[in-house]
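So the chains spell out like this:
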Amino acid sequence: GFHLSQVFFGAFMRLFATYLPTPTCFRFWDLLFFETGNRDMDPTEELNKPERHSLIDLAFGTVTKCKPKLLECTSALEVKSVLLDFLENLYDPSEAITLVNEAEWSLWSEARQILADRTGVPMLQADHAKDYWRSTNLWDMQMHKFIAQNAALNKLIDAPSIALTAERAGHQVRKI
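Quantities reported herein were computed from a predicted structural model and do not represent experimental measurements. (Residues numbered from 1 in each chain as written. Predicted model: local features only at pLDDT ≥ 70, side-chain atom pairs only at ≥ 80, totals over all residues. Heavy atoms only, no water.)

Visitor: Teacher, can you tell me more about the overall build of the protein chain here?
Guide: Along the backbone of the protein chain there are eight helices and zero strands. Beginning at the N terminus, the succession of helices and strands in the protein chain can be written as α-α-α-α-α-α-α-α. In the protein chain, buried positions account for 28% of the 176 residues. Excluding contacts between residues fewer than 6 apart, the proportion of contacts in the protein chain whose partners are at least 24 apart in sequence is 57%. Carbon and sulfur atoms make up 60% of the accessible area of the protein chain, which totals about 12,300 Å². (Helix = DSSP H or I, 4+ residues; strand = E, 2+ residues; numbered from the N terminus. Buried < 20%, exposed > 50% of the residue type's maximum accessible area, 1.4 Å probe, protein only. Contact = heavy atoms within 4.5 Å. Areas by Shrake-Rupley, 256 points an atom, 1.4 Å probe, with all protein chains shown as cover.)

Written as structure tokens, this is what we have:
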């Protein structure tokens, strides 16, 4: 029979290096190291999500994507070959990250539901969509500050006392 550790033990020990194309591996490492280094910022930390869950997520996503081909396999060697071929041909880094995020969504949905209940953000919203809306809201908030700062600066520039002081000092004042 086939045991998943025949492929994924080595992949986990090498953090998928030599299993993934170089650009995909580097992008996966970006995700892995970011999530590992920012555990204190992750509100799902207490929800029994393993520390380096991205390794598990990539393995689960790989098996899920390969399921139709795996069901056709008749030997352990074929199963190993299908899994390794999939990983070796994962040339698009964004496809790999999408695969990891979808697997994370599947595996840790209970944690996501608890997080959604706490934050009020719907669970059905993907991470990239939440990031987009968060960025849009931040932009709107900062834009109001920027407009207010510009108005204050315009008042300062147009102030007659500043212009008179500059002219007395021998500087030319240009109107914008």
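Visitor: Where do I start with the pattern of salt bridges in this structure?
Guide: Oppositely charged side chains may form a pair once their charged atoms are brought near each other. Inspection of the entire model under this criterion finds one salt bridge. Between Arg-52 and Glu-51 there is a salt bridge whose closest N-O contact spans 3.4 Å. (Salt bridge = Lys/Arg side-chain N within 4 Å of Asp/Glu carboxyl O.)

Visitor: How should I be thinking about the state of the cysteines in this particular structure?
Guide: Two cysteines joined by a covalent bond between their sulfur atoms form a disulfide. Enumeration according to the criterion identifies zero disulfides in this entry. Unpaired in this structure, Cys-66 has its nearest cysteine sulfur neighbour in Cys-73, at a distance of 9.0 Å. On the basis of relative accessible area, Cys-66 is assigned to the buried category, the value being 4%. (Disulfide = S-S within 2.5 Å.)

Visitor: I would appreciate a short explanation of the nonpolar core in the present structure.
Guide: The nonpolar side chains of soluble globular proteins are, as a tendency, buried together. In terms of nonpolar packing, the biggest core is built from 28 residues, with Phe-8, Phe-16, Leu-20, Phe-28, Leu-58, Leu-83 and Leu-87 touching the most fellow members. Among the elements of the structure, α1 (5-13), α2 (22-37), α3 (53-72), α4 (76-88) and α5 (93-107) are those that each provide at least two residues to this core. Per-element tally for this core: the top contributor is α4, with six residues. Discounting chain neighbours no more than four positions away, the residues touching Phe-28 are Leu-15, Phe-16, Leu-20, Ser-54, Leu-55, Leu-58, Ile-97 and Val-100. (Core = buried A, V, L, I, M, F, W, Y, C linked by side-chain atoms within 4.5 Å.)

Visitor: How should I be thinking about the packing of α3 against α5 in this particular structure?
Guide: The relative placement of two packed helices comes down to the angle between their axes together with the axis-to-axis distance. Packing of α3 against α5 brings their axes to within 8 Å, and their N-to-C directions diverge by 95 degrees. Here α3 lies roughly perpendicular to α5, going by the angle between them. For the pair α3 and α5, contact is made by His-53, Ser-54, Ile-56, Asp-57, Leu-58, Phe-60, Gly-61, Thr-62 and Lys-65 and by Leu-99, Val-100, Ala-103, Glu-104, Ser-106 and Leu-107, respectively. Looking at the contact of α3 with α5 residue by residue, the class counts come to seven nonpolar, five polar and three charged. (Axes fitted to C-alpha atoms, helices over the stretch in contact; angles between N-to-C directions. Parallel < 35°, antiparallel > 145°, perpendicular 65-115°, else oblique. Nonpolar A, V, L, I, M, F, W, Y, C, P; charged D, E, K, R; others polar.)

Visitor: What is the right way to read α1 from this model?
Guide: In an α-helix, one full turn covers 3.6 residues, which means residues spaced three or four apart are oriented alike. Of the positions making up α1, those classed as buried are Val-7, Phe-8, Gly-10 and Ala-11. Down the axis of α1, the smallest arc covering the buried residues is 160 degrees, so these residues share one side. The outward face of α1, more than 90 degrees from its buried face, is lined by the exposed residues Phe-9 and Met-13. Buried residues along α1 sit in contact with α3 and α4. Following α1 by one or two positions, Leu-15 has its phi on the positive side, about 50 degrees. (Arc of directions from axis to C-beta.)

Visitor: Help me understand α3 in this model?
Guide: In this model, α3 (20 residues) spans 29 Å end to end at C-alpha, consistent with the 28 Å of a helix rising 1.5 Å per residue. Bending of α3 peaks at approximately 65 degrees at the position of Cys-66, with proline Pro-68 no more than four residues after it. Within α3, burial applies to His-53, Ser-54, Leu-55, Asp-57, Leu-58, Ala-59, Gly-61, Thr-62, Cys-66 and Leu-70. (Expected span 1.5 Å × (residues − 1). Bend = angle between axes of the 7 residues up to and from the residue.)

Visitor: Would you mind showing me how to read the packing of aromatic side chains here?
Guide: The relation between two aromatic rings is expressed through the spacing of the ring centres and the mutual angle of the planes. In this structure the tally under the stated criterion is six aromatic pairs. When the centroid spacing of 5.6 Å and the interplanar angle of 50 degrees are considered together, the rings of Phe-26 and Trp-29 count as tilted. Taken together, the residues span about one helical turn, with Phe-26 and Trp-29 both in helix α2 at a distance of three residues. Residue class for Trp-29 comes out partly exposed when judged on its relative accessible area of 22%. An aromatic cluster is built from Phe-8, Phe-12, Phe-16 and Phe-28, whose rings are joined through pairwise contacts. (Phe/Tyr/Trp six-rings, centres within 6.5 Å; stacked < 30°, edge-to-face > 60°.)

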